[in-house]
Amino acid sequence: MEASLGQKQKLKQQEFTVSISQLSASSSGAPCSSALARFSIEPEGAQLRFHQELEPSDIIQVDIRTAQLFKLGHIESVCINEGSATNKEEESYSRGITIRFKVEDEGRAFHWAFEHWKNETVQVCAGGRLENGKVLTSKSKFDDKIEASSAKMYFHYYGQLLHQQNMLQDYVRTGTYYAAVIENRADFIGRVVVDVGAGSGILSLFAAQAGAKHVYAVEASEMVEYARRLIAGNPSLGQRITVIKGKVEEVELPEKADILISEPMGTLLINERMLESYVIARDRFLLPNGKMFPTNGRIHMAPFSDEYLYVEIANKALFWQQQNYYGIDLTALHGPAFQGYFSQPVVDAFDPRLLVAPVTSHAIDFTSVKEEELYEIEIPLSFIASVGTRVHGLACWFDVLFNGSSVQRWLTTAPGAPTTHWYQLRCVLSQPIYVMAGQEITGRLHMVAHNAQSYTMYLTMSAKMWGVGAEQGGTLQTSSCKLDLKEPYYRMAQPQPYAWAQDQHPQDAVGLSLAQQLSLNSGASLTQ
Ligand SMILES: C[S@@+](CC[C@H](N)C(=O)[O-])C[C@H]1O[C@@H](n2cnc3c(N)ncnc32)[C@H](O)[C@@H]1O
């Protein structure tokens, strides 16, 4: 079944052997006959034709754009359409064709193919008006909010095996997923699972290992071809996995899921805006009270002090202080260049001893958050400084929880924990603030989603009045910055265990080529 789906792009058709009988106002209860159901692309759009074995000339043509398919039972469906028999006079009444499949899986595949080819028609008719007056649009929720060029680069990136390998080789990540699934077999055994953004298909295979009845692996990039191969190479698991190419915002599935599994986390949890797709998949495919793996996530934040990092960033703009660059004074651009460097969040693994106050957290419950709530995230900040120091900005990281029925497992990207390919993220203030031990630091982190699958970050941090006059309120110093989460500064060459940071300062790892930075992380090239 998978092979013929895979070849569809080349063959431009897909076939199923079924039994059919026709129901209509004028002919009821016609006998069942064996037929070849063929989906194909014709000049007028995608078509479904039934070629009957006994009367090969009697072809029943179904216009998928207007037809509807309903399940009658495990192996029986009905297709309601306004088609015509090609060898007969035009008939203008609606009719039903009962379709019987040999096994349930075949019916499931047929339903999937029907919806898939219908979508294909929608693409062909993008924005066009159909004869029945319905306006079809190819724009999905994803297309509405994401710039086409961003999506193209994004799915191109994930279509390459090397980037999937990079994620698979993050053993903290993949090992935690494996443990969370296998330790919670009870949540998978006999269940229908949807893998949201399946990539290589690894999580679908884990779900099948844990005893899932059926897994729908939905993936929008060209990685589906490799996922199919990987799944076919593990046949005992693969027979319970259907790979579906498309965006979770657009594909149709033949049944609802008991559990969703996904790895939608980008840098700082929210980069790439895939959490929104996870939430849309929940609303489209998950049964009420179904489970989500992961179930919820938290963004953690704390002020940090890192003189080396600050000087390193400030020094990057020194180039623009040259007054005689081939006879040209560059200093007019020093200001914007300086601000530009400080608008890049820094991604690296830092020593948690750089944190200067206890952590504050922002929780997101994937099972209940509304998609729109992820468009703009506002986090009030309030910390008590543990030491007197210069605060250079806000350090951030995240974790997610797999809230299984048997075991609760956290995947953390915290500083000091084993390093993941997400590392941690730091927003560096161009104007550091001075604090005394015990002084309150307030502020806010405001993140606004943009159509290039990331966020603009607005950070404000203030040191509250201290000592005499403090009772009047008021702030002593305030520093703000605007950053683009899509343009981080990747500061590390290789994923390192945390032990690295204890005897060697992270600053030693600076000066990477762009190529090195690109190979770092699943988010890296997306951000260039
Ligand atoms: C971070 S990767 C995870 C891949 C795989 N699940 C794993 O854990 O190794 C996210 C995958 O989701 C896919 N993806 C992102 N948004 C999607 C969407 N809206 N619909 C379908 N696939 C999507 C990407 O192409 C990518 O392969």
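- Going by what an unreviewed UniProt entry lists, the chain is known as type I protein arginine methyltransferase and is assigned to Protea cynaroides.

**Considering the overall build of the chain**
Reasoning step 1: If you tally the helices and strands in the chain, you get 14 helices and 24 strands.
Reasoning step 2: Intrachain contacts of the chain at a sequence separation of at least 6 include 71% that bridge at least 24 residues.
Reasoning step 3: Accessible surface for the chain amounts to roughly 22800 Å². Of this, 53% is attributable to carbon and sulfur atoms.

**Topic: unusual backbone geometry**
Residues other than glycine predominantly adopt negative phi, and peptide bonds predominantly adopt the trans conformation.
Reasoning step 1: In this structure, the amide linkage connecting Phe293 to the following residue, Pro294, adopts the cis form with an omega of 5°.
Reasoning step 2: The topology assignment puts Pro294 in the loop between β13 (286-293) and β14 (296-304).
Reasoning step 3: Backbone geometry places Asn289, a non-glycine residue, at a positive phi of 65°.
Reasoning step 4: Within the fold, Asn289 resides in strand β13.
Reasoning step 5: Unlike most non-glycine residues, Gln453 shows phi in positive territory, near 60°.

**Details of the pattern of salt bridges**
Reasoning step 1: Taken as a whole and assessed by the stated rule, the structure comprises 25 salt bridges.
Reasoning step 2: Between Lys247 and Glu250 there is a salt bridge, with the nearest N and O atoms lying 3.6 Å from each other. Like Glu250, Lys247 is buried.
Reasoning step 3: Two residues, Glu307 and Arg390, come together in a salt bridge whose shortest N-O distance is 2.8 Å. Taken together, the residues Glu307 in helix α11 (residues 307-316) and Arg390 in strand β18 (residues 389-403) connect sequence positions 83 residues apart.
Reasoning step 4: Several salt bridges converge on common partners, so that one network encompasses Lys141, Lys145, Arg273, Glu276, Glu371 and Glu372.

**Overview of a nonpolar patch on the surface**
Reasoning step 1: A surface patch of nonpolar side chains, amounting to about 460 Å² of accessible area, comprises Phe319, Tyr325, Tyr326 and Ile328.
Reasoning step 2: Looking at where Ile328 falls in the secondary structure, it is placed in the loop between α11 and α12 (334-342).
Reasoning step 3: In this structure Ile328 comes out as partly exposed when scored by relative accessible area, which is 48%.

**Points about the UniProt feature "domain: Methyltransferase" (unreviewed entry) in the chain**
Reasoning step 1: The positions UniProt marks with the feature "domain: Methyltransferase" (unreviewed entry) are residues 193-265.
Reasoning step 2: The annotated region residues 193-265 carries 30% helix and 29% strand content, and the separation between its end C-alpha atoms amounts to 19 Å.

**Structural notes on the site of the ligand**
Reasoning step 1: Near the ligand there are 22 residues, and of these Arg173, Gly197, Glu219, Val248 and Glu249 occur at the shortest range.
Reasoning step 2: A distance of 3.2 Å is found between an oxygen atom of the ligand and a side-chain nitrogen or oxygen belonging to Gln164.
Reasoning step 3: A distance of 2.9 Å separates an oxygen atom of the ligand from a polar side-chain atom of Arg173.
Reasoning step 4: Taking 590 Å² as the accessible area of the ligand by itself, protein coverage stands at 99%.
Reasoning step 5: Contributions of two or more residues to the shell around the ligand are made by α4 (148-158), α5 (161-168), α7 (202-209) and α10 (274-285).
Reasoning step 6: Ranked by residue count, the leading element in the shell around the ligand is α4, at 3 residues.
Reasoning step 7: Tallied by class, the residues present in the shell around the ligand amount to 11 nonpolar, 6 polar and 5 charged.

**Section: the packing of helix α6 (residues 171-182) against α7**
Two quantities define a packed helix pair, namely the angle between the axes and the distance from one axis to the other.
Reasoning step 1: Close contact between α6 and α7 brings their axes to 9 Å; oriented N to C, the two are set at 25°. In terms of orientation, α6 lies roughly parallel with respect to α7. α7 is crossed by α6, and the crossing has right-handed handedness. Side by side, α6 and α7 meet where Arg173, Thr174, Tyr177, Tyr178, Val181 and Ile182 of the first sit next to Ile202, Leu203, Phe206, Ala207 and Gln209 of the second.
Reasoning step 2: Grouping the amino acids of the contact of α6 with α7 by side-chain chemistry returns 8 nonpolar, 2 polar and 1 charged.

**Concerning α12**
One full turn of an α-helix is made of 3.6 residues, so residues set three or four places apart face in the same direction.
Reasoning step 1: What α12 keeps buried is the set His334, Ala337, Phe338 and Phe342. The buried residues of α12 occupy one face: seen down the axis, they fall within an arc of 135°.

**Points about α4**
Reasoning step 1: Among the residues making up α4, those that are buried are Ser150, Ala151, Tyr154, Phe155, Tyr157 and Tyr158. End-on, the buried residues of α4 take up no more than an arc of 150°, which puts them together on one face. In α4, the exposed positions angled more than 90 degrees off the buried face are occupied by Ala148, Lys152 and His156.
Reasoning step 2: Buried residues along α4 sit in contact with α3 (141-145), α5, α8 (223-232) and α10.

**A few points about the sheet that holds strand β9 (residues 192-196)**
Reasoning step 1: Reading across the sheet, the 5 strands line up as β11-β10-β9-β12-β13 and stay open at both edges, with parallel pairing between neighbours. With one partner strand each, in any of the chains shown, β11 (241-245) and β13 form the two edges of the open sheet. Within the sheet, the average angular offset between the axes of one strand and its neighbour, ignoring direction, is 25°.
Reasoning step 2: Sheet analysis places β9 next to strand β10 (residues 214-219), joined by 5 bridges and oriented parallel. What sits directly across from Val193, in β10, is Val215.
Reasoning step 3: Against the sheet, α7 makes contact with β9, β10, β11 and β12 (257-262), and its axis sits at roughly 175° relative to β10, the strand it touches most.
Reasoning step 4: Strands β10 and β11 of the sheet are contacted by α8, whose axis makes an angle of about 170° with β11.

Each value, and the rule that gives it
- Residues numbered from 1 in each chain as written.
- Predicted model: local features only at pLDDT ≥ 70, side-chain atom pairs only at ≥ 80, totals over all residues.
- Heavy atoms only, no water.
- Helix = DSSP H or I, 4+ residues; strand = E, 2+ residues; numbered from the N terminus.
- Contact = heavy atoms within 4.5 Å.
- Areas by Shrake-Rupley, 256 points an atom, 1.4 Å probe, with all protein chains shown as cover.
- Salt bridge = Lys/Arg side-chain N within 4 Å of Asp/Glu carboxyl O.
- Buried < 20%, exposed > 50% of the residue type's maximum accessible area, 1.4 Å probe, protein only.
- Patch = residues over 30% accessible without salt bridge, like charges linked within 9 Å, V, L, I, M, F, W, Y side chains within 5 Å.
- UniProt positions renumbered as here; feature names shortened; annotations may be inferred.
- Near = heavy atom within 4 Å.
- Polar contact = N/O pair within 3.5 Å; in protein donor to acceptor, adjacent residues only side chain to side chain.
- Nonpolar A, V, L, I, M, F, W, Y, C, P; charged D, E, K, R; others polar.
- Axes fitted to C-alpha atoms, helices over the stretch in contact; angles between N-to-C directions.
- Parallel < 35°, antiparallel > 145°, perpendicular 65-115°, else oblique.
- Left-handed = near helix turned anticlockwise from the far one by under 90°.
- Arc of directions from axis to C-beta.
- Pairing = 2+ DSSP bridges.

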